[in-house]
Number of protein chains: 2
Amino acid sequence: MSAKSKPYPAEDEKTARYAKALGHPARIFILRFLDKQCACFAGNIVEQLPIAASTVSQHLNELKDAGLIQGEVNPPTIKYCINRPNWEEAKVLFGDLFGHEPAAAKSATDTEKCCL
Amino acid sequence: MSAKSKPYPAEDEKTARYAKALGHPARIFILRFLDKQCACFAGNIVEQLPIAASTVSQHLNELKDAGLIQGEVNPPTIKYCINRPNWEEAKVLFGDLFGHEPAAAKSATDTEKCCL
DNA sequence: ACAAATTTTCGTAAAAGTACGAAATATTTT
DNA sequence: AAAATATTTCGTACTTTTACGAAAATTTGT
């Protein structure tokens, strides 16, 4: 890292943080799984993946640190689920990055167009 | 990496690959810059960032490797721009991950709902 | 063509990420 | 309560990422 602690716009930092958490196929898989099933035990996830349980735990932790999931620890059961507020925030951030309107609409007003 | 080369669904691999490329604030910044300006010299980008030119070049390369940008090298000028087809693909992949319809619509049909 | 400026490549160093197995913790079942 | 299961933490090894400055390559201006 550079000398300054926050040299980038806050929105870029946030978007990058979520993107980083999404930057591994196992974590994408886990998120899709949780998005469908709403919640499940860690074991259910481990069964689906070709990696060791301890590694899954690690990925789960990274998703939790990034705020994309949360671990519910109600005494009898322990389950993970999507952190909906942050999931929505990430959705908005990515939507903003890629642009909400179709790309064609933008190119119409481009005056300084300079690549194909 | 594990023994098998492709143990994850192809769509998850693709999504993760794009997400990984987006997983650094400098790269988000660069992409936003290029999305606005359509194209520019590397120097224009370097000016905006608090990191060394060689590091920017590295980030530029990663974005290029991921397919999110392309470097046009027309003899007199050299410029970078968004790789539109792949940019659109990434947009679709993330849209698919986060769900196109509002999250409320899905929860209506949830029968095995088990988290808040 | 030559000099100045820009951009990339190279070499290096420090930090973070990925993965595993073993040990520790916690949870369920008998 | 004790045994069996399941989950996380710990320690380790290896790879990748991030960053810099110096050197090489490329491009622009005179």
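These figures come from a predicted structure and were not determined experimentally.

So, the pattern of salt bridges
Under the criterion given, the structure shown has 10 salt bridges over all chains. Between Asp12 of chain A and Arg32 of chain B there is a salt bridge whose closest N-O contact spans 2.7 Å. Note that Asp12 of chain A is positioned in helix α1 (residues 10-21) and Arg32 of chain B in helix α2 (residues 25-37), a pairing that runs across two chains. In this structure, Asp12 of chain A and Arg32 of chain B share a single accessibility class: buried.

Quick notes on the packing of helix α5 (residues 84-98) of chain A against helix α5 (residues 84-98) of chain B
Between α5 of chain A and α5 of chain B, the shortest axis-to-axis distance is 10 Å and the interhelical angle comes to 165°. Looking at the two axes, α5 of chain A sits roughly antiparallel to α5 of chain B. In this structure, the crossing between α5 of chain A and α5 of chain B has a hand that is left-handed. Only Trp87, Ala90, Lys91, Phe94, Leu97 and Phe98 of chain B of α5 of chain B make contact with α5 of chain A, whose side of the interface consists of Trp87, Ala90, Lys91, Phe94, Leu97 and Phe98 of chain A. When its residues are assigned to classes, the contact of α5 of chain A with α5 of chain B shows 10 nonpolar, no polar and 2 charged.

Cut-offs and rules
- Residues numbered from 1 in each chain as written.
- Chains lettered and ligands numbered in written order.
- Predicted model: local features only at pLDDT ≥ 70, side-chain atom pairs only at ≥ 80, totals over all residues.
- Heavy atoms only, no water.
- Salt bridge = Lys/Arg side-chain N within 4 Å of Asp/Glu carboxyl O.
- Helix = DSSP H or I, 4+ residues; strand = E, 2+ residues; numbered from the N terminus.
- Buried < 20%, exposed > 50% of the residue type's maximum accessible area, 1.4 Å probe, protein only.
- Axes fitted to C-alpha atoms, helices over the stretch in contact; angles between N-to-C directions.
- Parallel < 35°, antiparallel > 145°, perpendicular 65-115°, else oblique.
- Left-handed = near helix turned anticlockwise from the far one by under 90°.
- Contact = heavy atoms within 4.5 Å.
- Nonpolar A, V, L, I, M, F, W, Y, C, P; charged D, E, K, R; others polar.

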